[in-house]
Amino acid sequence: MNRLFRVFLAGLPLVLLATGLSAQVKVNETTTTIPTYLVGDPELDPYFFTGRTYQGAAGHIYPYPIYDILTDDRVDRDYKYLTLENEYTEIGVLPEIGGRIFHARDKKCGYDFFYRQHV
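Residues numbered from 1 in each chain as written. Predicted model: local features only at pLDDT ≥ 70, side-chain atom pairs only at ≥ 80, totals over all residues. Heavy atoms only, no water.

**Q** Would you mind going over the sheet that holds strand β5 (residues 89-94) with me for this structure?
**A** The strands that make up a sheet are held in pairs by hydrogen bonds between backbone atoms, and each pair lies either parallel or antiparallel. Here 5 strands make up an open sheet; going across it, the order is β1-β4-β5-β6-β7 and the pairing antiparallel. Looking at the sheet topology across the chains shown, the edges are occupied by β1 (26-39) and β7 (111-114). Neighbouring strand axes in the sheet, compared pairwise and without regard to direction, differ in orientation by 25° on average. Summarising the sheet, β5 and strand β6 (residues 100-106) pair through 6 bridges and their orientation is antiparallel. Each residue of the ladder has a partner; that of Glu90, found in β6, is Arg105. (Pairing = 2+ DSSP bridges. Helix = DSSP H or I, 4+ residues; strand = E, 2+ residues; numbered from the N terminus. Axes fitted to C-alpha atoms, helices over the stretch in contact; angles between N-to-C directions.)

Structure representation (structure tokens):
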């Protein structure tokens, strides 16, 4: 079991506690295909400092490249998809792109209470 999945599961009881749910939780790992636009080449001239400061944090970037361009090349890409569900809710998470919630649905009434991207 990879580290990201273990960290995610470690936080699951806190989510259930916050929502007041104590039912049996099922976790399922599958893959889903999502149309994805490819990222372009990084900037040729690296930024050393962006001049931004926020709450005392400086904007030092170098030596990391900036990937700021999306291409028009759209490909179907498979992502790992985690489904967490109990008798009340079903939550789908994409851990490979930062643990984003892809969908969250109330199973009692069928309502998507978290916006689900359909395009």
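Next, the rest of the story.
**Q** Help me understand the confidence of the model for the chain, please; the structure alone is not making it clear to me.
**A** For residues with low pLDDT, the predicted coordinates do not support detailed interpretation. Residues of the chain with pLDDT of at least 70 account for 64%, and the chain-wide mean is 78. Between the elements of the chain, mean pLDDT differs from a low of 54, seen in helix α1 (residues 3-19), to a high of 93, seen in β5. (pLDDT = per-residue confidence, 0-100.)

**Q** Honestly, the pairing of β5 in this entry has me stumped. Any pointers?
**A** Consecutive residues of a regular strand have side chains that alternate between opposite faces of the sheet. A large share of β5 lies buried, amounting to 5 of its 6 residues. The hairpin formed by strand β4 (residues 70-85) and β5 contains 3 residues between the paired strands. Hairpin connection between β5 and β6: a loop of 5 residues separates the two successive antiparallel strands, and Gly98 in this loop has a positive phi of roughly 90°. (Buried < 20%, exposed > 50% of the residue type's maximum accessible area, 1.4 Å probe, protein only.)

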